[in-house]
Every structure is written in C-alpha cells, then in structure tokens.
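# Architecture at a glance
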2 protein chains.
Amino acid sequence: MLPRGRPRALGAAVLLLGLLLLVGLFLLAGDPRADAAGGSCCRPTPPEPPDGRPSGPAAREGAPRPPRCQLLHVAIVCAGLNSSREVVTLVKSMLFYRKNPLHLHLVTDAVARSILETLFRTWMVPALGVSFYDADQPKPQISWIPNKHYSGLYGLMKLVLPGILPPGLAQVIVLDTDVTFASDIAELWALFAYFSDKQVIGLVENQSDWYLGNLWKNHRPWPALGRGFNTGVILLWLDRLRRAGWEQMWQLTARRELLTHPATSLADQDIFNAVIKEHPGLVQPLPCVWNVQLSDHTLAELCYLEAADLKVIHWNSPKKLRVKNKHAEFFRNLYLTFLGYDGNLLRRELFGCPSQPPTGAEQLQQSLAQLDEEDACFEFRQQQLTVHRVHITFLPHKPPPPRPHDVTLVAQLSMDRLQMLEALCRHWPGPMSLALYLTDAEAQQFLHFVEASPVLSARQDVAYHVVYREGPLYPVNQLRNVALAQALTPYVFLSDIDFLPAYSLYDYLRASIEQLGLGSLRKAALVVPAFETLRYRLSFPRSKAELLALLDAGALSTFRYHEWPRGHAATDYASWREAQAPYRVQWAADYEPYVVVPRDCPRYDPRFVGFGWNKVAHIMELDAQEYELLVLPEAFTIHLPHTPSLDISRFRSSPAYRACLQALKEEFHQDLSRRYGAAALKYLTALQRPRSPV
Amino acid sequence: MLPRGRPRALGAAVLLLGLLLLVGLFLLAGDPRADAAGGSCCRPTPPEPPDGRPSGPAAREGAPRPPRCQLLHVAIVCAGLNSSREVVTLVKSMLFYRKNPLHLHLVTDAVARSILETLFRTWMVPALGVSFYDADQPKPQISWIPNKHYSGLYGLMKLVLPGILPPGLAQVIVLDTDVTFASDIAELWALFAYFSDKQVIGLVENQSDWYLGNLWKNHRPWPALGRGFNTGVILLWLDRLRRAGWEQMWQLTARRELLTHPATSLADQDIFNAVIKEHPGLVQPLPCVWNVQLSDHTLAELCYLEAADLKVIHWNSPKKLRVKNKHAEFFRNLYLTFLGYDGNLLRRELFGCPSQPPTGAEQLQQSLAQLDEEDACFEFRQQQLTVHRVHITFLPHKPPPPRPHDVTLVAQLSMDRLQMLEALCRHWPGPMSLALYLTDAEAQQFLHFVEASPVLSARQDVAYHVVYREGPLYPVNQLRNVALAQALTPYVFLSDIDFLPAYSLYDYLRASIEQLGLGSLRKAALVVPAFETLRYRLSFPRSKAELLALLDAGALSTFRYHEWPRGHAATDYASWREAQAPYRVQWAADYEPYVVVPRDCPRYDPRFVGFGWNKVAHIMELDAQEYELLVLPEAFTIHLPHTPSLDISRFRSSPAYRACLQALKEEFHQDLSRRYGAAALKYLTALQRPRSPV
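The model shown is predicted, which means the values in this text are computed figures rather than measured ones.

Here the focus is the sheet that holds strand β1 (residues 72-78) of chain B. Residues and elements named next belong to chain B. Taken in spatial order, the seven strands line up as β3-β2-β1-β4-β7-β6-β8 in an open sheet, and their pairing is mixed. Bordering the open sheet on either side are β3 (128-134) and β8 (283-286), each of which pairs with just one other strand. In this sheet, neighbouring strand axes are inclined to one another by 25° on average, regardless of whether the strands run parallel or antiparallel. Here strand β4 (residues 171-175) runs beside strand β7 (residues 229-237); their pairing, made up of five bridges, is antiparallel. Each bridged residue has a counterpart across the sheet, and for V172 the counterpart in β7 is L236. On the sheet, helix α3 (residues 80-97) packs against β1, β2 (102-108), β3 and β4 and is oriented at approximately 160° with respect to β1.

If you want it as structure tokens, here you go:
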C-alpha cells in the first residue's frame, strides 16, 4: 500500500528528511585530506580506497533534487560555425531530460551569436532563457597565455566567467560544447548541496593518465592532484569564487607555471588543475558519470561499466565521434539520438512551472486560436503562421569581400534537390545564399553530402541556411525570404533550384548591373530569360547562339511553353532572340520571370505556401513599386527535368487546394489595394480572368 | 564533499536501509479501509483526503529500484496489423529509458506474430527477450463474454494472462499497446514492493467519470470502486492470483454482472473493476503518473499539472493522437519522439549486465571484426553484413486468394520514388510485394502518404515491407529478397520501381504462365521486354502496336539503348517486333532482363549493394540453374525518367566504387564456379571482358 493522507505524508516527509540529514552527516564526516589523494580513477562514486569496489549509486541517487521550478543556470563558451552547430546537440539533449526552467549564458563571438540568436528566437522553447556575452571583450584577460590546445583562445575563457557573468548570479553549471546529456541536469545541479563552505568548484576526475606524466619521453604535464580534473563539466560557485579572489589566484598560478612550461597544453584545464593542486580545498569531486570522457586512451570504462547510469558523455577528443573505443557504438547512439532529434518536439511546456512565454509565442497562440478549423484553407493559414526554427550558415562560410556590383544567387530546396547543388556550383562561380527545408536528421545527411563532395566542400562562398520542417505544406516564400535576408552582396539573383544559369551569367550580371546603374540610377529588375529541357542529358549551351540552335532543334523550349506560357510570355522571346541591348517589357498578369534586383527589394509574401502564385505575387509587388522590367539580351537560365516533388504531387490534383489558392490570391490583392491604392486596380482586373496557374 | 571509502559507504548503506525500512513501516501503517474509498481522482500520489493537496513526489521517488540487472517481465496482447505497428512505438519508448534486461511476453494472433517475430529477430536488441503466445488458444475462455469495446475479443485477454503465461513467472507488468513510456520501467516494477500480502494487482485510478455513472440518460456502467481503475497499465502478481483462484473469481463476477448488463462496455476493465469492487483488498492503487489517460473528457490534468514527472501516457481513446485536449500538443510530442525515433539506436548494450546476446549477434560481430578497415571495399562488405530491421506488412493487407497462375509484382524503393506508387497501381491491378528502404521517421511519412491517396488506400493487395535504413549504401538485393520472400502467389514478376508495365501485362502474364506450364512443365524465366522514355509526359501505349509506333517516332527507345545496350540486347528486340509466340533467347554477358519466375527462384546475391551488377548476377544464376529464357511477344514495360537518386549519384563517379564492384564480381564468380563447376566457366570468360556496367 502506498502512503495516503496528508498528515501521514507530512509526518513521513519530516521523518525522512531528518533521517537523510543524519545519514548525510555520517557520510560527510570523512577525512578532508582524502581530497588531496589521487583516488582510483573513474569510479561511479568518486575517489575510493585503492582496493575498493564502487559503493554503488545509492549515495548519489540520494542527492536532493533542486526545488521543482527552480531556475537553473548554464554557461557555455561557443565560437565559430562548427561550435554553434555542435552546441545545438548539447542543448537538445539537455532540454530533452530537463524538468526545470533553464537559463543559458552563451559567451560567443559575432558569428556564433548571429546564428544562435536566430536559432533560439525561432525555436521558441518555453521556460528557456538565453543571454549572450561578447567573447571578444574579455580576450585581453587571457590572450597573454600561450596555449597549444585545439580549442584555442576560447578554450581559456572559462577562467574568466566569474567576471563575464552577471554579478548577481551565484551558481552556474559550465559545459563544453562537446558534451551530451543522458539525464536531467537538475540532478547535476543538486550536487551543489554537497559543497562544503570552502568549496567553490565541482569537477569530475580526469579519465586518462595525462597528468600522471610520462606518457612519452619528456612528457611534462602541468601540475595536478593525481589524475587531475576534467573541465568539460564544471559546477561553479560564482559568488564564492569572486569573494575568494579567483582572478588573482589563477593568474598568479598561471604566471608561475608559465615560467617552466612554454604554454598550456589543455587550455583552461591546465590552469584549473594547477590552482587546485595548490588549493585542494577548493574542489568538490563529482561522480564520474557526470563527465564520461571518450578520448582515445580513456579509462572511462572503469566508470561506466560499474555505473547503473551514465549522466553526461564528453567527446573530449578532436576526433569526436570517430574516436576509437570498444563501446564507441554505444556512445555514438546516444549522441546520434539528439543529433537527429526533431528540435520542434522540445517546444513543450513545463507543466506547473509558470514562466515567461518566449517572445512572440503568445501572439502566435492567439493567431492560431483565431483560425477556423472548418475553413477549407485552415492548413494553409496554419502553415503560414508557423514559425520555423532557422539555423543560418549551417556550414562553414566566408562572407564575400564587399564589391559594389556583386550578386548572390538566392534559391531554396529540400532534400530531393540536393543533387542539383554540384551542377549549380559549376554554373555559378559567385556567392549563393540557399535555404534548405530539412528535418534535423536530414540536416545531418546534408552535412555529410557536402563533406563527401569535393565540388561543394571547396566552395566557401555558398551559405546554407537550414529551415526546419514543420507542417504539411512547403513554405516556399518563407524559405526565399530566409535566403534573401542572408544575402550579403548588394544585388541578388532570385532563382529556383532546378535551374542552371548560363556559365557566363555571374560575370555578365555584374557587368550589366554596373553598366545600367541598377539600384542607383535605375530602379529596375533585370530579367533572365528562362528555358527548359525535357532531356536528362543536355549538352548545356555555352552561348546564346548555341542556345538558339538547340531551341530551333527542339532540344530546348521556352520555360513552360506547353503548360503555362503566360508565366513567361511577357519576356517576349521573339525580341530577345534579336536583342543586342537590354529592353524594357511591361508587367502582365501571371508574369513570373527570374530577376536580378537590389538586395533591399520587397520580400516574398509568406501566405503563399505549397505551390502556385508565389513568384507571381512578388513580381506584381515589384511592378506596384514601379520597378522597371529590363530583359538582358545575353542572359539565360535553363530548367532541368526532375521528378515532381512529393510536396507538389500531394496537392496539385486537389480541388480544395486550387480553391484555397484562389482565396489567398484575392486576399493578397486586397492587401495590395490597401497599400498601393488605385494603382493596384490593374492587378484586380488581371486576377478576375478565369485561368489560374497552379 | 561526497562519501568515499568502502567501509564508510557500506556502513552508510546499512544505516540508510534501516531507516528506509522504518519510514516504510510508518507509511504502511495506514487504515486498510481507505482502499475502499473512491479517493480524489488523478493526483500524483494516489487517493488522499478530499481537501488534500498532493503530498508531492517524495514518497514515490523513494521507492526502491529493483536490483540493477534484474530481469523485468512485460506482457502485451497484440493482434492485427495496426496493433503490431502501434506496439513498436511502445517498445521503443520502453527500451529508450530502460536500464534493466527485459523480457516481452507477447500474446498475438498469427498476423502480429509473423510481423513481430521478423521485427525482433532483425532488430537484435541486446538484453531483450521475446516470447510469443498464441492468442487463439485461450479464446474459448473469454469468447462467451459479450463485449462492445473497440478492442474486441483481444481486449478481454488480459483476464486470462495468469493461465497463458508460464507457471514459473511470478510477476509481470501488463501494458496496452497504446501507452508510451516517459521514464524507466524499473521504477514501475519497484512499486511491487508496496504490495501488501493480500494485494495481487496494481492499477491507476480511472481519470474519467465513466464509472460514476449518469454521464447520460440510462448510462449504467459496470460496478467499480469510485471512479474505478484503468487497466492500460497493470502490475500483476501472477502466482498470488493463481493461488487466490483468480479464474473462478472473475468468471463468477462476470457471469453475475452479465445477468443485468447486456455486455461489457470497456472489455476486461469492466470485469477487473467489478471483481475489485467485490474484493477491494486485492488492489494496490498506483500513482496516477503511471497511466496518464488521454481520453476526450479526461481529468488527467489534475494529475500531470501537479506532478513533476510523467511516467506513462495512455492514448485510451479510439481517436488516439487526434484526441481533443488542451495539452494535446505536449503529449503528441512525447509520442512523436518515439514514433520517429531510429530504432537502430536502441541496439545498445546494457553495460555491466551480462546477458545472452541476440541470436546471430555474436557471429555478426565476428564477421564485422574480421573485416579490414583499410580494404577499399570495407564499406561494401560492412553494408552487406548489416542486418536491417524489417517490418513486414507495415500497412493493412489482405493476402490474395490462392490462384494457381497468379503473379506478384516484386520491387523495392526508397522515399524518393513514392510518387511512382499511384501510377504503378493503375498499371498493375494484381498483387504486389514492395520493400521500402526508410528511416523510422520516413516510415511515418509513407504511412500518411498512403492514407492521403485514394488510389493507394483502396488497394488491399499491395504489401509494403519496411526495411530500416542503416549504412551508406543502398542494399538493393537485400531489399529485393525481402519483397520476394513475402510474395504469396506461385509466380513473381521481378520489376523495378521506375518501370510501368503495360496495362494488360498482369492478365497476359497469368495467361502465359498457364499456357506455357511455367514451373510445372517448363523451368523457365519469362522475359518482359523493357523500353524507356526520356519524356515526362508520355501518352502510355495501350498495345504493342502503339508501342511500336512510339518507338518508330523516337518517343521511346529500348531500355538503355544509348548508355548500356548490352543489358538488354539479348532480348532481341528485332525478333520481338515480329514475334507472335514466345521465343527462346540465350544468356549473354551483362544481360539483365525483367523476368517472371516461380516464387521459389534463386534469391538475389546480397553482396551487391549500391548500384551495379545486382540484376546481372541474378540472371546469371538463373542461367546456371538452367532456366530457359523465354521472351513474351505481347509483354512490355517502360522505364520513366527520374532524377538520379542521391544513393546513385554519390557513387557513380567514384573510381573506388568501380574497383570494388569489380572485386565483388570476381568473388561472385568464384562462388558460382564452386557451386556449378565447369558449367560456370562461360561466366568467367564473360567477366574478363573489359567493359563493366556501372
């Protein structure tokens, strides 16, 4: 029978608490000098007599949990593109198991900050706060320390966290970006309760023999207590550190050691260990399961084979997942769990812990609540309101040098068009900004795809922005807007992923932009005429002359000539054939050419999701804003055949889909009239014609 | 400071144990009559005085865990195709959090058994045992009970578990297939420790007012204690039940209640509750978090808003995930986590709990260990050895009636060819057996795709077998073998997914099989000539005459005429053009026609993964076994254009890939010589010619 009845339960709780206290006192009455001993490495419960079997998890599991809704603070130093990708997996694992509100304190460089700000803003995780701290600012405090570790200067930054983090913050868990949680972080936080009055830092013992020295001839590590401690997971009692004069303490030790050591080998960890060797009373050793270290010669096995439970895994080798370990498969599985985990699923509330909802979440909830589930366009409207998680610059990228007439190719794709990327790179040697609509698991496949391709991995000027999938309809215009917003050149070529531009187009566009004074002298959109082939093995034309020959031979046609000629008729292909100079064309209903415009052009209307009318509306808006439409006589781009995507085939045949599209078009037009007044009347007339492009 | 030192830890453990015992005694000294009261529904800790706030999780979390490596037993009744899909998500969630060895006792019908046997055999999860029990056998013991619940007869089967499960099994956790774990099942098992001597069954209170009656006019539920108990999660103390004469007990109660009730409304649950009402001392109420019930008018909120932690979610409404609940999104997220979770990641060991490895696992480990990582073909050999998880008949399927000349179309595909399925269904009105290579998440997308397609959901004779993705290379021949093994007709048409057969082919093949006495009179493979179009919008020929016209017009060509004519040249298209009767052709090097053969034909050689030579080897084997090759004069199939798949484009360009293929071909030939002796010499000669088909 279980306990029942409040008075009884209360009584029991009081009794239990008392007894636990007793046990606690008994356990804590150990010899403090034991702290100074090396202990035997890597047991589930930390240092024990050399002969000892581990005492089992009981002592650990008895740790009091922090109060249910207590806010827990986590600090992470994160710099550069790869770290900002890595940290996401850490955060996912932490959020998966957490039951407390969390606040992340992220010390970042500008690159990581821009990526992570966008990510967390669009992730909208309830009960998760995020603060950013500029990693450049404290650099002078550590840059004098020579360091050989692969983490570089940022590896040393954990030393100065007490100065970086807000003075009011008393305790914080500090994590490396290469750790993965396999349990609730509150259990780790609970270990603060074991700190004695003098202890300021909780650490897990090193699971390697590095600090014992003699790993090779002349291997002379920094001083440490026995095996030393690993700093991938730290409990930092900030206010005590500040009061204890931490800054002077570590600087003094570091300066002294640097007299005999040329540099740190393991960054902050060498200095932490040297300080601890000098002041062993500062450290509270933590159970080994809270930092299971998977370096090449790890002794971690001694820990995890005895433990019932792994809490945190630390990939503390530059090889990361490729590290050699006979249980590597096991650990990789835990890591891959969160690597591929759908981050959208972590947008779940913490029941019973009231917290400030994420910015925009309430408004979003209201808008969603106002939708009518019976409305035939419900799915469209829901999709349009969806806030997709966005990870900009997912892969290494070098911004193009500022050049006044440079142009970025802008496009969007999902997994089924990855095959186009290599060809596109061959056709377009300039910068690109591509939005990819992927699941978390697909994002990893995409990463491997790029890494495996010499063509793609050689390109540093292609920026890939991952927009995470959510909902049944392809958010084509939201994707375009993400890619457009991230273009860094003054001009953009608004293309689609299944088109290959003429080899010369990049150079030709830049020359044309300069010649025509696009944006400065002339408010215009430059039209790149579109063609298509239905053949898989097209010998791509090297010039306009070759293109015309293929057109005459029937190997090419103008784009959608058979199915939807209105889309491109206004380009006036007959004139283009003869043209020697750019010529102006007039807007016409349903016109949807591929254009080059200044980067600050109007955004795409996000209400158009799925397929149909998404570009038409944009061109209409350009016309309403009085952009001239100038067709370039030597420019062309060719659509390649492909299997229709699942997204398109699911909806093309549906009458409900067509009806919704019509409704959305009408609403778009009303908005247009509101914004542009009588000038927008001509679009209404056009709209009321019967045919509709789906 | 944490505890350290063995003697101290031991002393502490003894002390702690003693104290816990004391606390336990104190807690257990409650009034046994309280059991009989209705209690207030759905609190984290079960029944409390009406005014009581829940006493918090302390009492629950103090429950002793079962010993670290203790084997825990779980029984599940599972019948039919949908339940066998549902149970996988339950099992995944259970395995994700478990830290103990588990044994599943599955009471299944023949359909579920065949699916789940294959699934668990290929899943190879360490420290997981599975036993099957025939659900048909105990049917007579319950079929006399009229039942209106949607679970049908199988819903009642939990009543007779003490008789079905092995006599030596003392305790078991019984689960409905529609529950999802959010915690370690060992914590649930630990609650057995709270049973008094007389208690035999642990249950969570119902989280609805159903058993209070008066939900509507003349609503007269079966008798229950207060709100009654839900039987989606049961702790069953089997040996006590058997000793207490459970069988007579429930039968007596059921017979008596059926005098005044026409039938059970909630299957076994009505009877369990009626028995408990009569013998309240039998039940141990469990904390509500172990069965959070999400039916339409659930009161579960009272439970989970107070609890720090949800343990098990129960989708106990026929609406399942579509149930209306203001926190539905939260619960769906937990469910979707495991629905899409990669089951391969659960193949992880339980460190420190020695257990019998799954059948074949040791041999597999040895074979993998023998591979040379430096071998250029390492990836190929590893892929070939991979045991893929297989879920046969993933979707509803009716086996075709036995017909002596019936033929099943056999093919395999991955996500990027789903679009082919509708067209294929229109072209082939007969049975199909299709292997799909998918991730767990893609399998769900596939399910939605079929449900959304009227064409596909109308077909009951198409069997879909999901082979879960693992490794970098497409295991084409393993997939073919899975689909082939599941074909239920005497003949099979071995096709590829990007081919559409002539509309008349299904009828024509059956007639030809009968006429030619295929399999009985003649050992032959019937060749279906292959063509291709490079055009997306082909008006598919309705007859051989129309096909020939398209061929002459250049809209069609013979398959791979331009790139690889050797693959099909031996079909002798010139003869086919004129042929009025089947004609015999000779095997030739690299010949890879599409053929119809008896179901017991040789399997495909699984060493060919990725692309290349996979069909060639199979046809060679048919020839070695002296199958005649007979070309059918009216048969044809047409290859449609498609974007090259990622799998193919990744490897086609790689010289290492070609080299490996060559090595695999040579090894295949050696095997062929070993098996067929001198007769296989001609294949060697063919092999040594220079060109290789990739």
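Picking up where we left off.
This part takes up unusual backbone geometry. The phi dihedral of D590(A) is positive, around 65°, even though this residue is not glycine. Locating D590(A) in the fold gives a position in the loop between β20 (583-585) and β21 (594-598). For D590(A), a relative accessible area of 6% puts it in the buried group. In this structure, E626(B) takes a positive phi of about 65° despite not being glycine. Locating E626(B) in the fold gives a position in the loop between α23 (614-624) and β22 (628-631).

Take helix α9 (residues 246-257) of chain A next. Between its first and last C-alpha, α9(A) extends 16 Å over twelve residues, near the 16 Å set by a 1.5 Å rise per residue. Looking at the buried side of α9(A), the elements it contacts are α6 (161-164), α8 (238-243) and α10 (268-278) of chain A.

Residues and elements named next belong to chain B. Where β2 meets β3, seven bridges bridge the pair, whose relative direction is parallel. Of the residues in β3, the one forming a bridge with H103 is G129. Each parallel crossover has a hand, and the one from β2 via helix α4 (residues 110-123) to β3 is right-handed.

All names here are of chain B. As a packed pair, α3 and helix α12 (residues 328-339) sit with axes 8 Å apart at the nearest point and diverge in direction by 90°. The angle between the axes of α3 and α12 places the two elements in the roughly perpendicular class. Contact residues: T89, K92, S93, F96 and Y97 in α3; Y335, F338 and L339 in α12. Of the residues belonging to the contact of α3 with α12, the class tally is five nonpolar, two polar and one charged.

The biggest cluster of nonpolar side chains holds 128 residues, and the ones touching the most others in it are L175(A), L188(A), F331(A), L175(B), L188(B) and F331(B). Residue contacts for L188(A): discarding those within four places in its chain leaves I173(A), F181(A), V233(A), L235(A), L286(A) and W290(A). Among the nonpolar cores identified, the runner-up in size contains 118 residues, and A411(B), M420(B), V462(B) and F531(B) belong to it.

As a further point, take the pattern of salt bridges. All names here are of chain A. All chains considered together, the criterion is met by 64 salt bridges over all chains. A salt bridge links E422 to R426, with the nearest nitrogen and oxygen atoms 3.6 Å apart. One end of the pair is E422 and the other is R426, both in helix α15 (residues 420-427) and four residues apart, which spans about a single turn. The exposure class of E422 is partly exposed, given its relative accessible area of 23%. Overlapping salt bridges, with partners in common, bring together K92, D342, R389 and D440 in one network.

Residues and elements named next belong to chain B. Within this structure, the stated rule accounts for six disulfides over all chains. Note on cysteine connectivity: C69 is disulfide-linked to C353, with sulfurs 2.1 Å apart. Looking down the S-S bond of the C69 and C353 bridge, the torsion is -85°, so its handedness is left-handed. Within this pair, whereas C69 is found in the loop between α2 (58-61) and β1, its partner C353 is found in the loop between α12 and α13 (361-370), the two being separated by 284 residues in sequence. For C69, a relative accessible area of 31% gives the class partly exposed. Judged by relative accessible area, C353 falls into the buried class, the value being 7%. Each sulfur of the disulfide joining C288 and C303 lies 2.1 Å from the other. Disulfide C288-C303: torsion about the S-S bond near 85°, hence right-handed. Placement of the pair is C288 in the loop between β8 and β9 (292-293) and C303 in helix α11 (residues 301-304), with a sequence separation of 15 residues. Both residues of the pair, C288 and C303, count as buried.

What counts and what doesn't
- Residues numbered from 1 in each chain as written.
- Chains lettered and ligands numbered in written order.
- Predicted model: local features only at pLDDT ≥ 70, side-chain atom pairs only at ≥ 80, totals over all residues.
- Heavy atoms only, no water.
- Pairing = 2+ DSSP bridges.
- Helix = DSSP H or I, 4+ residues; strand = E, 2+ residues; numbered from the N terminus.
- Axes fitted to C-alpha atoms, helices over the stretch in contact; angles between N-to-C directions.
- Contact = heavy atoms within 4.5 Å.
- Buried < 20%, exposed > 50% of the residue type's maximum accessible area, 1.4 Å probe, protein only.
- Expected span 1.5 Å × (residues − 1).
- Right-handed = clockwise from strand over helix to strand, strands pointing away.
- Parallel < 35°, antiparallel > 145°, perpendicular 65-115°, else oblique.
- Nonpolar A, V, L, I, M, F, W, Y, C, P; charged D, E, K, R; others polar.
- Core = buried A, V, L, I, M, F, W, Y, C linked by side-chain atoms within 4.5 Å.
- Salt bridge = Lys/Arg side-chain N within 4 Å of Asp/Glu carboxyl O.
- Disulfide = S-S within 2.5 Å.

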